[in-house]
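# Residue-level structure breakdown
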Amino acid sequence: MTELPNRLAFRDIESAGDYFNLEIALKFGIFSAVRKGVISLIVGLFAVSGAFAARNSQKLPDGLQYRQIKKIILKDTRSTFKSAERYFNKGKNSLSDQHYLSAIEKGEKFYGIWGRAWVARQNKDYLAAGKLYTEAFLLNDSLEIFLHDYALYLQQYSQDWDWINKICTRLYDVTKEEEALSILLEAADRLNQRPAALKSLQELARRYPIRADVQVFYSSLLYESGSKEMAIEVARQAISITQDPFHLKLLVLLLTQEGYFIESAQACEKLSKIAPRSAHTLEAWGFLEFQQGHYQNAVTHYRKALNRDYRLSTLMSLARLNVFYLNEADQAIYYVKAILNLDRDNCDALYIMAEVKRRQGNIKAALKYSERLMDLQPEHPQTYYYHGKLYMQNKDFHNAVKYLETAVLYNPDIKRYRLVLAKAYAGAGLTDKARETYTNYLNEPLKDLWQEENMLKGTPPSPR
């Protein structure tokens, strides 16, 4: 999923000194109050939530099923394991657990303990499951399929970061696959352990200097933590060691964000040799062209990418380019409608549609889409702020006041909100309330009612 960077930094930049609630803002995409960094996007792309869907609770995990272990376990325990699985499949977890315990008593400890851990997990006895998983790990710390199952359990239920880190690191040592890194980051997010995760990735990057997946993860997390120079250094080195189109695309996103156009172009050229028709290749070229200000070229590449892989994120990139950079309203509407066909409650698409209608002078239609935004984000102050501004443009100051007051109520710290509300009070003839809301409102110029929307067209980074 490649997205154009969200440049909505809804602040009056240097004069206002405003700030926004980052946690709320990041939930709202293009209509959020802060710019969603490209590296946040990269980390999100690695999230395990989609790749590792919840297992079917009525089925034993791979590696524990009887047909897979019958030639490995002790002969006199085969019927015991077969019965344990049969009872589990029938939902008779207690009997299943008894048979796994019997297998342990007969000498088949590892698979018996793993089976008991799985049953306890399905019974939501997570304390017992954790102890049993640990016992099994101490007996066998090298079986890939067990380590993967254990890591997923820890990612979902454990509060012990050190143990999560140990198991995920061991899983990567055994598999050399990025699932382990994904699970590690998911757990770090859940436990607010990103700094610790960065240290873990640093160690893995040191141990595996030619493993591209580790280097890409490490570079991404470095960038997100503010260590941009080191992140760029790692990313530039990673270009030479990876042949994976997805990794190369992510490196292009990172490097172009900082203006490293030459290195990004080299990565794109490598992509073109490895996978010339891949959506990853075309999206990487599109993003590079966008960052350099070549918007029509960017559209061309994104259209080709869409033909290769019809994805919502590519449709969104095309919609944004057409409305905010090329002023092609009809094209923007075309892509937004395609997005809404896939996801009728997509807030980004609804906001873009409202903006298109506003720019066309159709405030009534803009208000309709803005109302849907408020319905979908009832506690998001930006929705009310935007809706109030629409009424202000229509000189309907009394309605503008109502929605702008709500925006200020949800976030009174943003000076821009209070300034616009004060102007609305003044327009409605409520001068005293205007002064009370923003003492200096008469001396504070409202440079542009639609300043935030104009800030979508941020200045591309200087080439380095």
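Residues numbered from 1 in each chain as written. Predicted model: local features only at pLDDT ≥ 70, side-chain atom pairs only at ≥ 80, totals over all residues. Heavy atoms only, no water.

A few words on the overall build of the protein chain. A tally of regular secondary structure across the protein chain gives 28 helices and 0 strands. Look at the contacts in the protein chain between residues 6 or more apart in sequence, and 60% of them connect residues 24 or more apart. Split by element, the accessible area of the protein chain, about 21,000 Å² in all, is 47% carbon and sulfur. (Helix = DSSP H or I, 4+ residues; strand = E, 2+ residues; numbered from the N terminus. Contact = heavy atoms within 4.5 Å. Areas by Shrake-Rupley, 256 points an atom, 1.4 Å probe, with all protein chains shown as cover.)

Our next topic: a positive patch on the surface. On the surface, a cluster of positive charge is contributed by K70, K71, K82, R86, K90 and K92. Positionally, K70 belongs in the loop between α5 (66–69) and α6 (78–89). K70 sits in the partly exposed class, given a relative accessible area of 34%. (Patch = residues over 30% accessible without salt bridge, like charges linked within 9 Å, V, L, I, M, F, W, Y side chains within 5 Å. Salt bridge = Lys/Arg side-chain N within 4 Å of Asp/Glu carboxyl O. Lys, Arg positive; Asp, Glu negative; His and termini not counted. Charge placed at Lys NZ, Arg CZ, Asp CG, Glu CD. Buried < 20%, exposed > 50% of the residue type's maximum accessible area, 1.4 Å probe, protein only.)

The end-to-end C-alpha separation of helix α7 (residues 93–105) is 18 Å, in line with the 18 Å expected for 13 residues at 1.5 Å each. Those residues of α7 not exposed but buried are N93, S96, D97, Y100, A103 and I104. Seen along its axis, α7 keeps its buried residues to an arc of 115 degrees; they face one direction. The secondary structure elements touched by the buried residues of α7 are α6 and α8 (109–122). (Expected span 1.5 Å × (residues − 1). Arc of directions from axis to C-beta.)

Attention shifts here to the confidence of the model for the protein chain. Per-residue confidence for the protein chain averages 87 on the pLDDT scale, and 86% of its residues sit at or above 70. Across residues 1–57, where pLDDT falls below 50, the model places 176 contacts with residues more than four positions away in sequence or in other chains. (pLDDT = per-residue confidence, 0-100.)

To continue, consider the nonpolar core. Formed by 143 residues in total, the largest nonpolar core has its most connected members in Y133, F146 and W161. Setting aside its immediate chain neighbours within four residues, F146 contacts F110, W114, Y133, A136, F137 and N140. (Core = buried A, V, L, I, M, F, W, Y, C linked by side-chain atoms within 4.5 Å.)

With their axes 11 Å apart at the nearest point, helix α20 (residues 312–325) and helix α22 (residues 347–359) run at an angle of 20 degrees to one another. On the basis of the axis angle, α20 is roughly parallel to α22. Like other packed secondary-structure pairs, α20 and α22 cross with a definite hand, here left-handed. Residues M316, A319, R320, V323 and F324 of α20 pack against D348, A349, Y351, I352, E355, V356 and R359 of α22. Taken together, the residues that form the contact of α20 with α22 break down as 8 nonpolar, no polar and 4 charged. (Axes fitted to C-alpha atoms, helices over the stretch in contact; angles between N-to-C directions. Parallel < 35°, antiparallel > 145°, perpendicular 65-115°, else oblique. Left-handed = near helix turned anticlockwise from the far one by under 90°. Nonpolar A, V, L, I, M, F, W, Y, C, P; charged D, E, K, R; others polar.)

Counting through the fold element by element, T383 comes out in helix α24 (residues 381–393). Judged by its relative accessible area of 0%, T383 falls in the buried class. A polar contact of 2.7 Å, which involves the side chain of T383, links it to the backbone oxygen of H380. (Polar contact = N/O pair within 3.5 Å; in protein donor to acceptor, adjacent residues only side chain to side chain.)

Scanning the model with the defined rule gives 20 salt bridges in all. Linking R170 and D141 is a salt bridge whose minimum nitrogen-to-oxygen distance equals 4.0 Å. Pair noted here: R170 is in helix α11 (residues 161–175) and D141 is in the loop between α9 (126–139) and α10 (144–157), with a separation of 29 residues, a long-range link. When its relative accessible area of 25% is taken as the criterion, R170 is described as partly exposed.

Below, the discussion takes up the environment of Q360. Counting through the fold element by element, Q360 comes out in the loop between α22 and α23 (363–376). Exposure remark for Q360: the relative accessible area of 42% places this residue in the partly exposed category. Apart from the residues lying within four places of it in its own chain, the contact partners of Q360 are A329 and I333.

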